[in-house]
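# Summary of the model geometry
The residues making up each chain are set out below.
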Amino acid sequence: MSAPVDVAPPGIELVGRRPILGDAPEILFRLAPGDRSLVSAGEAIVAGTTIAERLRDAAVVGLGAAATPDDARAGDRWTTSDRSAARVIGRSGARLRGGGDAEGGELLYEHDGRWAIAAGEHPEPVDCPVTGVVRDVRPGVGIRVRAQGRALYGVEALGDPASGRLSLGTDRGDQRHGRLRPTSLDVGLAGTILVIGSRVDAEALTRARAMGVRGVIVSGLAGKERRDYLASESRQRAALHRLPPFGVLVLDGAVRRPIAGPIAAVLETLSGLTVAITIDPPAIVFDHPELAIQPAAEGHVRVRAGEHAGAEGRWAGPAGVRRFAGGTDLEAGWVVLDGEAPIPIPIADLERFG
Amino acid sequence: MTADPRAFLAVDVGGATSSVAIIGRIAHRWRLVGSLAMPASTPVDAIAVELIRRVAASDPGLAVAIGLTDGGRPVDAETMAAELPRLLGRSAPRRALLALAVSARALGPIADAARKTGWRTSTAQLDGTDPLKLTNRILDPSVDVLLVGAGDPPGADERRRLSELAGIVAGAVARRPDLTVLLAGAMADHLGRLEASSGVRPANRPGELLLAPAATTGDPPGAPLRELLDEVRGGADDPRRAAGRITSALADVLDRRVEVIEIGFDGGLRATASPGIGGEESQAIVSIAADAALLPPDPDDATVDRVLAWMTTPIDRHRLRDRLRELRLWPWSGIAGDGARLRLAAARAAMAILVDATPEQSALPTPDVVVVSGGAFAVAPGPAIALAVADVLRRPGATSIAYDHARVLGALGVIPDASERRQALIDLVDDVLTPLGTVVIPAGIRAGTSAGRLTVHAETGSSETELVPGALEVVDLPPGDVATAEFSFRDTVRLGSRGRRFAVDVSGGLGGLLVDLRDVPLRLPDRLDRRRELLDAWQESLWLTRDR
């Protein structure tokens, strides 16, 4: 990383700013009709709390005309021990499910004076990986939780929200440029969230999940690997015995590039601490107020794309319109890389952090 | 600054691009003094400051003339940028609409109306769909607006299940009070049921429950529904919403049939207008298609195929998919090298979607002027843009192509007063439209060694060119020059009318005069490598700034 600069260099405002850290976000846990919320708005929860039950095989079940009270509303829970009140109008074989003597589901819609409910078997717990406050619960839509702490945002997250101890690994050298190979994974990494560096493939992700790793943070995830992983994830969801939640956070995009220095510095600071990966929005959330994280030096820029992609240096001022490879004329800025003489780089290829 | 400003900023804030132009009053006319476009991540104020600095540095006299001074002292760009009046056009954010009906027959017209008014549209029908899946679709938090439609009166195929559909919608609306619901046609009869199910007074409900006309009413059919959908999409200062006004004004000012094609980050636009006749105001036809965005949020296989079909560099599908995902995430990054060509290939694919989505506008007479706009073209050389338009908009005739390089038209469109807008356009039209050239496309050229001869009579002299079937002939004609192109074809062709001999007035541009003797519509080899070679050969002559 380049040396700190006290005064903002001229023209640095032209470089788009990418915030590194923000307040912890409001996290959405999506619910489908039939899923059951176990929390209510305003409730304070700690990390690991089971906040909902998600139905794996929900189906529509029609109720008899007298099976519901007059003030029934869509989204209400409905329970009864009277099986004869229900008749299946959806997928054949769907059964009502409940605890004790009651069986039930969620009121879906009313038609011709009869209600249909969403009900089914095989509920699966939904755990909240962060501490926070439940802001909103909407049956069939989702639960919103205001997380406590701070967040480092990525561009995309796949899988499920998960938490674990952040691990930079020990044998991969510079974690900014690292690549995760399936063979380098073992059960000793179970319960961790791994910072991979620049590249990971679907096979390594699948193996990591099988080994009990709780999540992976990577700079770039290629489209093919993304698609293969999502297919594997879909098969896993369909399996009878699910593995613990596993999340993948992509920091930059789809092509290979090292993790940005200022972001890597944050991850190094968090190494060994418990963090959570959230899917909506895609972020790492952590609640360690004691941690002091230094902002990137004013004037520090990173080249996001092009010939010098991944390089980081110091902004030295606007360079005006320049012609670049391919014959395109682009607004450029002078950037000092590795202490060499400044070179012009398209401003649109640069980003700064703050 | 005086009370009567001599300069203002025209600002266009798009999904991926922010553009600032300084418009100054010079010799009793508004003139474009300078402009600067940057990624949307760059603050508009920073762009304005840099632009003012450049104007002041490059021509201090001009800066003084348009009032960019601080009491005679050297200009303080930051203060000036904050003080200058701004004309702001801001693209409305991308919004998603779910069109819902009982049957596919009823769904078609309402989905079509939504697709032409800028909504990212998905569809669902009750017939053949599990009510649970349907409810899930409605409850998806990414859906902003629900359009539920039925015929008025409802058709026999939908009458029986309308009540069930209303029940499902009412059940979903009760859970999502934030959802705006439009009930079109006979669905309006179920408003009371939805109001009752929402459980809150309409005034306290964040989303709205609105009645909409049926998709088949109005002249042309669907126009009133489209108007309402456009209003609901919102964006009072959205340049796309103002496109009809500025296109009509442009047609009147130029006294030509005008078509505006805009490809942006979140949608594409096609607006067509002819000059008003007999003192009547010009009327524009406007279609806004979210599907014609430079790229969809998550480029799928179909998108990869569409862009790959226009690529001139060899690239495998996986790598192209990654490049497109990156282009969507960071639309201004990686332009150097072959990035500009990739963007233009994506722009061609988007234009093709736009043209496919607007057949009624394609059926209109060939426009005299096509104005190209939008961030998709921001970094491409002018002649390459002209060829991209000729590749996709294949209508026989002669068309001048111009480029809204400073993105000022959108901002001018949001001027509410028609006469002010027209006056500003009269002053600025020559500055804001960069002439890219004239494209002449004759249809009906037969294969052979020669299609005929072209003689161009320009002020600087005459030139003759042999016309080869299937080729692109480029005649150098600089911006500002006008000429007469005399065509003598071997066989009868269509060029406005049918005939063998034509004399066409043409105007110059960065790409000169482009005589396009390729097929109408364009036919390309199925094999990708041969297709690529052919596209590259055509573009080679027009990518004039290509670095080798």
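Conventions used here
- Residues numbered from 1 in each chain as written.
- Chains lettered and ligands numbered in written order.
- Predicted model: local features only at pLDDT ≥ 70, side-chain atom pairs only at ≥ 80, totals over all residues.
- Contact = placed C-beta atoms within 7 Å.
- Helix = DSSP H or I, 4+ residues; strand = E, 2+ residues; numbered from the N terminus.
- Nonpolar A, V, L, I, M, F, W, Y, C, P; charged D, E, K, R; others polar.
- Axes fitted to C-alpha atoms, helices over the stretch in contact; angles between N-to-C directions.
- Left-handed = near helix turned anticlockwise from the far one by under 90°.
- Pairing = 2+ DSSP bridges.
- Expected span 1.5 Å × (residues − 1).
- Buried ≥ 20, exposed ≤ 12 C-beta atoms within 10 Å, placed from the backbone.
- Arc of directions from axis to C-beta.
- Core = buried A, V, L, I, M, F, W, Y, C linked by C-beta atoms within 7 Å.
- Domains from an automatic or database assignment.
- pLDDT = per-residue confidence, 0-100.

Contacts between the two partners involve 46 residues from chain B and, on the opposite side, 48 residues from chain A. Of all the secondary-structure elements, those providing two or more residues to the side of chain B that touches chain A are strand E3 (29–39), helix H1 (44–58), helix H5 (131–139), helix H7 (162–175), helix H12 (317–329) and helix H13 (339–357) of chain B. In terms of residue class, the side of chain B that touches chain A is made up of 19 nonpolar, 15 polar and twelve charged.

Let us now look at the packing of H13(B) against helix H15 (residues 382–392) of chain B. All names here are of chain B. Put simply, H13 and H15 touch, their axes get as near as 9 Å, and they point 35° apart. Like other packed secondary-structure pairs, H13 and H15 cross with a definite hand, here right-handed. Listed contacts from H15 to Leu-344, Ala-347, Arg-348, Met-351, Ala-352 and Val-355 of H13 are Ala-384, Ala-388, Asp-391 and Val-392.

So, about the sheet that holds strand E15 (residues 433–441) of chain B. Residues and elements named next belong to chain B. Strand order in the open sheet formed by eight strands is E12-E11-E10-E13-E14-E15-E21-E18, and the pairing between neighbours is mixed. Edge positions in the sheet fall to strand E12 (284–289) and strand E18 (472–475), since each of these pairs with one other strand and no more. For this sheet, the mean angle separating the axes of adjacent strands, direction not counted, is 20°.

On to helix H18 (residues 528–540) of chain B, then. Residue and element names in this part refer to chain B. Taking 1.5 Å per residue as the helical rise, H18 with its 13 residues ought to reach 18 Å, and the 18 Å between its terminal C-alpha atoms agrees with that figure. All buried positions along H18 are accounted for by Arg-532, Leu-535 and Gln-539. In a view along the axis of H18, the buried residues occupy a sector of 70°, so they form one face of it. For H18, the exposed residues set more than 90 degrees away from the buried face come down to Asp-529, Arg-530, Ala-537 and Glu-540. The elements touched by buried residues of H18 are H15.

Residues and elements named next belong to chain B. Core analysis: the largest hydrophobic core is formed by 276 residues, its most contacted members being Leu-147, Val-169, Ala-184, Ala-350 and Val-389. A per-element tally of this core places H13 first, with 13 residues. If we skip the residues at most four places from it in the chain, Leu-147 touches Leu-97, Ala-99, Leu-100, Ile-110, Ala-114, Leu-182 and Ala-184.

Residues and elements named next belong to chain B. Here chain B is described as being made up of domain 1 (7–90), domain 2 (96–233) and domain 3 (243–540). Put simply, the middle of domain 1 and the middle of domain 3, counted by C-alpha atoms, are 29 Å apart. Counting residues at the interface gives 20 residues for domain 1 and 20 residues for domain 3. Only strand E1 (7–13), strand E2 (17–26), E3 and strand E4 (86–90) provide two or more residues apiece to the side of domain 1 that touches domain 3. Considering every element that reaches the side of domain 1 that touches domain 3, the biggest residue donor is E3, with seven residues.

Turning to the pairing of strand E20 (residues 247–253) of chain A, a few remarks are in order. Residue and element names in this part refer to chain A. Summarising burial for E20: seven of the seven residues are buried, a large majority. As defined by bridge partners, strand E14 (residues 156–159) adjoins E20 across four bridges and the pair is classed as antiparallel. Of the residues in E20, the one forming a bridge with Ala-157 is Leu-249. Pairing of strand E19 (residues 215–220) with E20, which is carried by five bridges, proceeds in the parallel orientation.

Turning our eyes to something else, we now look at the environment of A:Gly339. All names here are of chain A. Secondary-structure assignment places Gly-339 in the loop between strand E25 (328–337) and strand E26 (343–346). With 9 C-beta atoms counted inside 10 Å, the residue Gly-339 sits in the exposed group. In this structure, the C-alpha to C-alpha distance between Gly-339 and Arg-323, residues 16 residues apart in sequence, is 23 Å.

Across chain B, the average pLDDT comes to 91, with 96% of residues at or above 70. Across the interface, the model reports ipTM at 0.88; the global pTM reads 0.90.

Attention now moves to unusual backbone geometry. Between A:Asp280 and the following residue, A:Pro281, the backbone shows a cis peptide bond with an omega angle of 5°. Mapping A:Pro281 onto the fold places it in the loop between strand E21 (274–278) and strand E22 (283–286). Put simply, B:Asp152 and B:Pro153 share a cis peptide bond, and its omega is 5°. Here B:Pro153 shows up in the loop between strand E7 (145–149) and helix H6 (156–159).

So, on to the pairing of E19(A). All names here are of chain A. Most of E19 sits inside the fold, with six of its six residues counted as buried. For strand E17 (residues 192–197) and E19, the ladder comprises four bridges, and the chain directions are parallel. The residue bridging Ile-193 from the neighbouring strand is Gly-215, located in E19.

As a further point, take the sheet that holds E1(B). All names here are of chain B. Spatial strand order, E3-E2-E1-E4: four strands in an open sheet with mixed pairing. Since the sheet does not close on itself, it has two edges, and those belong to E3 and E4, each with one partner. Neighbour-to-neighbour, the strand axes of the sheet open up by a mean angle of 15°, direction not taken into account. Alignment of E1 against E2, held across seven bridges, turns out to be antiparallel. Among the inter-strand pairings, Asp-12 is bridged to a residue of E2, identified as Ser-19. Of the strands in this sheet, E1, E2 and E3 are in contact with H1, which crosses E2 at around 40°. Along the sheet, helix H17 (residues 418–432) makes contact with E2 and E3, crossing E3 at roughly 55°.

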